[in-house]
Protein chains: 2
Amino acid sequence: MTITLDTPPILIARRQPPQLEQVEALLASQVDGTRSPLEAALAQLIAAGGKRIRPRLVLLMGGLLAVDPAPLLYLAAAIEMLHTATLVHDDLVDGASLRRGVETLNARASAAASVLVGDFAFTRAARLVLATGSLSAVDMFTEAMATIVNGELTQIARPRGIANREEYFDWIGAKTAALFELSTGAPALLSQSGMEDASSARRFGYAIGMAFQIMDDVLDFTSDAAHLGKPSGQDLRQGILTLPALIYLEAHPDDPSLRLLINRQRLPEADLVQLVDSIRQGNSIQQAIEVAQGFVNDGLSALDQLPDGLERSELEKIARSVVDRHG
Amino acid sequence: MTITLDTPPILIARRQPPQLEQVEALLASQVDGTRSPLEAALAQLIAAGGKRIRPRLVLLMGGLLAVDPAPLLYLAAAIEMLHTATLVHDDLVDGASLRRGVETLNARASAAASVLVGDFAFTRAARLVLATGSLSAVDMFTEAMATIVNGELTQIARPRGIANREEYFDWIGAKTAALFELSTGAPALLSQSGMEDASSARRFGYAIGMAFQIMDDVLDFTSDAAHLGKPSGQDLRQGILTLPALIYLEAHPDDPSLRLLINRQRLPEADLVQLVDSIRQGNSIQQAIEVAQGFVNDGLSALDQLPDGLERSELEKIARSVVDRHG
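Cut-off values and rules
Starting from 1, residues in each chain are numbered consecutively following that chain's sequence as written. Whichever chain is written first becomes A and whichever ligand is written first becomes 1, with later ones labelled in order. Where totals are concerned, whole chains, interfaces and linings use all residues; where local detail is concerned, this predicted model gives features only for residues with pLDDT of at least 70, and gives and counts side-chain atom pairs only at 80 or more. Strands here are runs of E lasting at least two residues and helices are runs of H or I lasting at least four, both read from the DSSP assignment and numbered beginning at the N terminus. A residue is called partly exposed when the number of other C-beta atoms within 10 Å of its own lies between 12 and 20, exposed at 12 or fewer, and buried at 20 or more, with C-beta atoms placed from the backbone. C-beta atoms are placed from the backbone for every residue, and two residues are taken to be in contact when these atoms lie within 7 Å. Alignment of the copies relies on least squares applied to C-alpha atoms, considering only residues that score at least 70 for pLDDT in both. Charged residues are taken to be Asp, Glu, Lys and Arg, nonpolar residues to be Ala, Val, Leu, Ile, Met, Phe, Trp, Tyr, Cys and Pro, and polar residues to be all remaining types, Gly included. For every residue, the predictor states its confidence as a pLDDT score lying anywhere from 0 to 100. Each helix should span, by expectation, one fewer than its residue count multiplied by 1.5 Å. Working definition for bend: take the seven residues up to and ending at a residue and the seven starting at it, fit an axis to each, and measure the angle between the axes. Whenever a helix is involved, its axis is fitted only over the stretch in contact; in every case the axis is a line through C-alpha atoms, and angles between N-to-C directions fall within 0 to 180 degrees. Each angle is binned into one of four classes, with values under 35 degrees roughly parallel, values over 145 roughly antiparallel, values of 65 to 115 roughly perpendicular, and all other values oblique. Take the far helix as your reference; a near helix turned counterclockwise from it by less than a right angle gives a left-handed crossing, and one turned clockwise gives a right-handed crossing. Any set of buried Ala, Val, Leu, Ile, Met, Phe, Trp, Tyr and Cys residues joined through C-beta atoms within 7 Å is what this text calls a nonpolar core.

J.: Got a minute to help me understand the overall build of chain A in this structure?
T.: Helices and strands together make up the secondary structure of chain A, namely 16 helices and 2 strands. Burial statistics for chain A: of 327 residues in total, 52% are counted as buried. When contacts within chain A are restricted to residue pairs at least 6 apart in sequence, long-range pairs at least 24 apart make up 74% of them.

J.: In this structure, what is going on with the relation of the copies chain A and chain B? I would like to understand it.
T.: One copy of the chain maps onto the other through a rotation about an axis plus a displacement along that axis. Superposing chain A onto chain B takes a rotation of 180° plus a shift of 0.0 Å along the axis, which leaves an RMSD of 0.0 Å. Considering both components of the superposition, the chain copies are consistent with a two-fold axis.

J.: What is the right way to read the interface of chain A and chain B from this model?
T.: How big an interface is tends to be expressed through the accessible area that disappears when the partners come together. With 32 residues of chain A in contact, the opposing surface of chain B contributes 32 residues. Only helix H2 (37-48), helix H4 (69-94), helix H6 (111-130) and helix H7 (135-157) of chain A provide two or more residues apiece to the side of chain A that touches chain B. With 13 residues, H7 of chain A is the largest single contributor of residues to the side of chain A that touches chain B. Here the side of chain A that touches chain B is composed, by residue class, of 21 nonpolar, 7 polar and 4 charged.

J.: Help me understand the confidence of the model for chain A, please; the structure alone is not making it clear to me.
T.: The predicted structure's coordinates, where accompanied by low pLDDT, should not be read in detail. Across chain A, the average pLDDT comes to 86, with 87% of residues at 70 or higher. When pLDDT is averaged over each element of chain A, helix H15 (residues 284-304) of chain A comes out on top at 98 and helix H10 (residues 225-228) of chain A at the bottom at 58.

J.: It is not clear to me how the environment of Gln-192 of chain A should be interpreted in this structure. Could you clarify?
T.: With respect to the helices and strands, the residue Gln-192 of chain A is situated in the loop between helix H8 (165-190) and helix H9 (195-222). When the C-alpha atoms of Gln-192 of chain A and Ala-66 of chain A are compared, they prove to be 8.0 Å apart, with 126 residues separating the residues in sequence.

J.: Help me out: how do you make sense of helix H8 (residues 165-190) of chain B in this one?
T.: Since the α-helix packs 3.6 residues into each turn, any two residues three or four apart lie on the same face. All names here are of chain B. Counted at 1.5 Å a residue, the expected span for H8 with its 26 residues is 38 Å, and the 35 Å between its end C-alpha atoms agrees. The largest bend in H8 is about 50°, located at Ala-177. Burial analysis of H8 places 19 of its 26 residues in the buried class, which makes it a mostly covered element.

J.: Is there a simple way to think about the packing of helix H9 (residues 195-222) of chain B against helix H16 (residues 310-324) of chain B in this case?
T.: Helix-helix packing is characterised by the crossing angle of the two axes and by the distance between the axes. All names here are of chain B. Taken N-terminus to C-terminus, the directions of H9 and H16 make an angle of 25°; their axes are 9 Å apart at the nearest point. Considering their axes alone, H9 and H16 lie roughly parallel with respect to each other. The element H9 and its partner H16 pack so that their crossing is left-handed. In contact with Ile-208, Ala-211, Phe-212 and Met-215 of H9, H16 contributes Ala-319, Val-322 and Val-323. The residue inventory of the contact of H9 with H16, partitioned by class, reads 7 nonpolar, no polar and no charged.

J.: It is not clear to me how helix H6 (residues 111-130) of chain B should be interpreted in this structure. Could you clarify?
T.: Its 20 residues place the ends of H6 of chain B 29 Å apart at the C-alpha level, agreeing with the 28 Å of an ideal helix rising 1.5 Å per residue. Burial analysis of H6 of chain B places 20 of its 20 residues in the buried class, which makes it a mostly covered element.

J.: How should the packing of helix H3 (residues 53-64) of chain A against helix H16 (residues 310-324) of chain A be read in this particular structure?
T.: Residues and elements named next belong to chain A. Taken N-terminus to C-terminus, the directions of H3 and H16 make an angle of 145°; their axes are 8 Å apart at the nearest point. Here H3 runs over H16; the crossing is left-handed. Here H3 contributes Leu-60, Met-61, Gly-63 and Leu-64 to the contact with H16, which in turn contributes Glu-311, Arg-312, Glu-314 and Leu-315. Of the residues assigned to the contact of H3 with H16, the class counts are 4 nonpolar, 1 polar and 3 charged.

J.: Could you clarify how one ought to interpret unusual backbone geometry in this entry?
T.: Excluding glycine, most residues fall at negative phi; most peptide bonds, likewise, are trans. If you check the backbone angles, Ala-66 of chain A has positive phi at about 60° while not being a glycine. Tracing the chain through its elements places Ala-66 of chain A in the loop between H3 and H4. For Ala-66 of chain A, a count of 15 C-beta atoms within 10 Å gives the class partly exposed. In the Ramachandran plot, Arg-52 of chain B falls in the positive-phi region, its phi being about 60° despite a non-glycine side chain. Topologically, Arg-52 of chain B is positioned in the loop between helix H2 (37-48) and helix H3 (53-64).

J.: Looking at this structure, how should I read the environment of Val-88 of chain A?
T.: Residue and element names in this part refer to chain A. Tracing the backbone through its elements, the reader meets Val-88 in helix H4. Taking the C-beta count within 10 Å as the criterion, Val-88 has 27 such neighbours and is therefore assigned buried. Distance in space between the C-alpha atoms of Val-88 and Leu-116 is 9.5 Å, their sequence separation being 28 residues. Among all residues touching Val-88, those that are not within four sequence positions of it are Leu-45, Leu-105, Ser-114, Val-117, Gly-118 and Ala-121.

J.: Any chance you could explain the nonpolar core here in plain terms?
T.: One recurring pattern in soluble globular proteins: nonpolar side chains tend to sit buried together. The biggest cluster of nonpolar side chains holds 219 residues, and the ones touching the most others in it are Ala-211 of chain A together with Ala-211 of chain B. Leaving out residues up to four positions away in the same chain, Ala-211 of chain A has contacts with Ala-292, Phe-295, Val-296, Val-322 and Val-323 of chain A.

J.: Would you mind showing me how to read the environment of Arg-202 of chain A here?
T.: Residues and elements named next belong to chain A. When you line up the elements, Arg-202 lands in helix H9. Spatially, the C-alpha atom of Arg-202 lies 8.5 Å from that of Ala-188, the residues being 14 residues apart in sequence. Not counting the four nearest positions on each side in its chain, Arg-202 is found in contact with Glu-181, Thr-184 and Gly-185.

This is the structure we're talking about:
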């Protein structure tokens, strides 16, 4: 499966936090592109970018919790670098040939290059998080990476596809929410916050990460090719049932097309198009959006526990925009 | 290329350091085999083992430098886990189907599984090294991983094969000596040793790592199939010129077979067998062993700078055995 984890345009705050440019400089400094072919490949991946939602969350939460600027920048860069590393390995694992409309390293070079460039990015991410000087931040970072990797292998090792909400939530919790949780939880470890704030900060990130992925999966059904850059129903085409399909399945437990997909069998394209239409026409999409909204609400109530401030308003806007952009 | 990094039987000290069993327990505890298919795969790799030369070096050097037992055990397990992780990814990069006579994960499962199991092993290695509580040890650990990965990618990205000693030393320095250097250098960071002892400890590990790999490469020429478990000349067969071949090349710069290999072209098996014979018959092997002996001597002189003690004698024995086993 190709998973788009980038933030959609609406999530880009109009006021760019000034530190975000420093994060970019820090990322670029990790790979000056001159010392080895490996660094050149990684430099290209970093420059190709994405919207940097994770570093934005780090900077805002860190600002809210009064973290010193220097370790906060290192943390923001570390998490974006970790994200880049997991994308490189995911593209290999999924056999994806395109990401963000650009040929993947796996397609362009080789599996060998992808493994090694991803590994190298992990080492640079580790170096950045070490620069925070906080062993507990490094520890949370490492555990997030373990969660992501473990989730992906559980998915490929499963004898059949995802067939219910619980499996789906486990999966997106690992592949997306874990890194959002790290982005908001780790700043708390660098601050003087108490356990309670740290817990609220983590809960906020996890919740909006879940909502973010659900809305991404909804978008795969609702967007047309012109808007999304690919035909709708791509997840189903790759045999993956996401929340809208699972909700539809709950109402139609014997749907033969879904049963075939769950059993990892091929579905003729005509049947697939019909299935996508059926899911779009029912209320599964709306129900999925409501589930996402529920996560956003949980995130907002966690946010309410944190100190008030400009950054909290910005975090609230980001949280609300996750669902509102599709409203 | 398949690279055997395991220590040969002669290197197994007769007296097993008692802490080595604790290291084994610590490794096993990282992967209890019940929580996920990923952990089960990793548990199998760890159980398959190898001779644990790196943890032995950690324990001996740590003992010599009076490091506390608990962080030392974590460090020893971390380095062995890192070694395991790099082997899993190397097997994928090299497309190797066998390691230690057992089918590799890459051959048995898939590239995807190999990437993820290797990544997971990295996270477990990171967790173990974090348990030492030393940010500087974690930093040295991360840099060693970066060196290993960078060396491997430099090798696959090179337009032609290794063609001189400098390239060869760079390559084995990254793929083998870096981890040996970490094994002896990191314990110094956990001790009260001064900079000078730390530098000697690193130099010792690096030097015997270099000698170790050179002797491994010599063995590929001198051993017969029955002894090595594979026909001699495997490195050349995979297009890799190691030190004996490079020394032969210095004396025969226009050798057409070696030129073909350097240009990454296929060499007929008959020509290859003849080439291996020519290299074996000349004095290239002896010269290569002398180069290895030079590294051992350098390692021993570094060791002389360190405090005297039982562990130093053990380390000296290990260093001497690297070359003597082939004498």
